[in-house]
Amino acid sequence: MTNESSGAAKAGAEVANGSPGATDAGSGAANPFAPPGAGELVVYRGLTLFDGTGSAPRPAVSLVVDGSVIRSVAAETDVAAALADGAEVVDLTGHFVTPGLIDAHQHLATPPDRPAAEAVLRRLVHSGVTAVRDMADDLRQVGDLARAALVGEIAAPDIHYAALMAGPGFFDDPRTHQVTQGAVPGHVPWMQAVTDTTDLPLAVALARGTYASAIKVYADLEAGLVAAITAEAHRQGIPVWAHAAVFPATPGEVVAAGVDTVSHVTLLAHEAAREPLTSYKDKPPVDHESLVTGEDARLDALFARMRERDVVLDATAGMWASAELAGDDPESAERARRQTELAIALTAQAHRAGVALATGTDYETAPGEPFPALYEELAFLVKRCGIPAPDVLRSATLVGARSAGTAHLTGSVEPGKLADFAVFTRDPLADIDHLRTITLTVKRGRRFPRAAYATTPSRETR
């Protein structure tokens, strides 16, 4: 027989209250958020689907989910077969579904604070976020958070994380000490100082041994060394995520090195620096007045190379407009204003040039806020940068998956991919603020109803 839930709101309430139709079969108390097993069928019916592939939204779609994987999209014959096999039905008539959202720039353990990290992750997954890129932290903790998220010990998105490499001069930064407590910054596998004499095959292998998804190239490296790190990482089958300027390596040199993604759109301004780049701590001035027009030829040439090389830009465009960086004195407030102005111009220019944008944040909203910083970033891209909502949502889904190296698994709602999607009561394509009508997240087939977010974690089951 079919176990039918009428509407996402009812489904969410049943899950939150632990109804018989929402048990956590087979996962065990230790893993209350584990993905369902193969053969556990759920049919989500009647929804309007934005699948993330670039296709127009489709009304009256049905999704058949088998365990943690999407079996079919709008295939009524398969729906009938699933119903005959006793699938549960969730009626999503009048609801809007997108792929799970991806925050392409998080820091979950600088410094390590496990309760705070779990609280951030719990809010993210209940806000439609099914994956994050952690852009270098104390990987001793982040690795365990990633494991706990994957097996379902905690309510969390999947976590894809980077091991950092930089020049020796960077490692007196206080943050490097926060993430290597008990060890020496620059001399641990997740935070390595690299020079021309470094055994790069060994260094990359050590980074891979942390189970990192990528190498992050950060600061104080010459162009030749950035290229050598990238070549060795790719030889060993691991991507490279880089700061957009590595000082003294310029943005153009970073892109030419073959990196897979670059972070922080405002750092791209250093392609037009008035003086040679020297070090991360000593950034030269840039031609702000020219760049904020969004029509600078130097940046046009850089964006053309990024598009040709398929380099993803993790823009973190709204970061300087956030409460965290807005500044509490006139000098810092003016700096934040100018950086925001620059981010708007360069992000819009990159989008016009056809650069693939991912949606990273590099900050989080305060613990008492109901929604994560990612919602602010998406709204910033639409409202301040003038990027159409469908493009922004694709950036937050399929392009985000590309930035994490997981587009073959997730980022779009298609047969054979993970059942990662978000359900809204109002259409976020019509108004990006409708993200706040999130009612249900499905991650690897496990349901995380928004209604459960107000409850204690122990009450959340499948």
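Please refer to the structure higher up on the page.
Everything numeric in this text was worked out from a predicted model, so none of it was measured. (Residues numbered from 1 in each chain as written. Predicted model: local features only at pLDDT ≥ 70, side-chain atom pairs only at ≥ 80, totals over all residues. Heavy atoms only, no water.)

(A) Geometry of the overall build of the protein. What the protein contains, in helices and strands, is 13 helices and 19 strands. In terms of overall dimensions, the protein is globule-like: its C-alpha atoms have a radius of gyration of 22 Å, near the 23 Å expected for 462 residues. Scored against the burial criterion, the 462 residues of the protein give a buried share of 58%. Taking the contacts inside the protein whose residues are at least 6 apart along the sequence as the reference set, 72% of them involve residues at least 24 apart. (Helix = DSSP H or I, 4+ residues; strand = E, 2+ residues; numbered from the N terminus. Rg over C-alpha atoms; globule rule 2.2 N^0.38 Å. Buried < 20%, exposed > 50% of the residue type's maximum accessible area, 1.4 Å probe, protein only. Contact = heavy atoms within 4.5 Å.)

(B) Geometry of helix α13 (residues 389–404). Here α13 contains 16 residues, and its C-alpha end-to-end distance of 22 Å stays within 8% of the 22 Å for a straight helix at 1.5 Å per residue. Maximum bend of α13: about 40 degrees, positioned at Ser395. Of all 16 residues in α13, twelve are buried, a share of seventy percent or more. By the burial criterion, the buried members of α13 are Ala389, Val392, Leu393, Ser395, Ala396, Thr397, Leu398, Val399, Gly400, Ala401, Ser403 and Ala404. Where α13 terminates, the next one or two residues include Gly405, which has phi positive at roughly 80 degrees. (Expected span 1.5 Å × (residues − 1). Bend = angle between axes of the 7 residues up to and from the residue.)

(C) Structural view of the packing of helix α6 (residues 200–208) against helix α7 (residues 223–235). At their nearest, the axes of α6 and α7 sit 9 Å apart, and the two run at 60 degrees to each other. Put simply, α6 runs oblique to α7. α6 and α7 meet at a crossing whose hand is right-handed. Taking contact as the criterion, the partners of Leu200, Pro201 and Val204 in α6 are, on α7, Leu225, Ala228, Ile229, Glu232, Ala233 and Arg235. Along the lines of polarity and charge, the residues of the contact of α6 with α7 split into seven nonpolar, no polar and two charged. (Axes fitted to C-alpha atoms, helices over the stretch in contact; angles between N-to-C directions. Parallel < 35°, antiparallel > 145°, perpendicular 65-115°, else oblique. Left-handed = near helix turned anticlockwise from the far one by under 90°. Nonpolar A, V, L, I, M, F, W, Y, C, P; charged D, E, K, R; others polar.)

(D) Local environment of the pattern of salt bridges. Under the criterion given, the structure shown has 24 salt bridges. With a closest N to O distance of 2.9 Å, Glu364 and Arg123 form a salt bridge. One end of the pair, Glu364, is in the loop between β16 (357–358) and α12 (373–383); the other, Arg123, is in helix α3 (residues 114–125), with 241 residues separating them in the sequence. When sorted by exposure, Glu364 lands in the same class as Arg123, which is buried. Taking the shortest distance from any N to any O, the salt bridge between Lys417 and Glu414 comes out at 3.6 Å. Accessibility expressed as a relative area gives 10% for Lys417, which makes it buried. Owing to a relative accessible area of 30%, Glu414 belongs among the partly exposed residues under this scheme. Through salt bridges with shared partners, one network takes in Arg114, Glu118, Asp144, Arg147 and Glu153. (Salt bridge = Lys/Arg side-chain N within 4 Å of Asp/Glu carboxyl O.)

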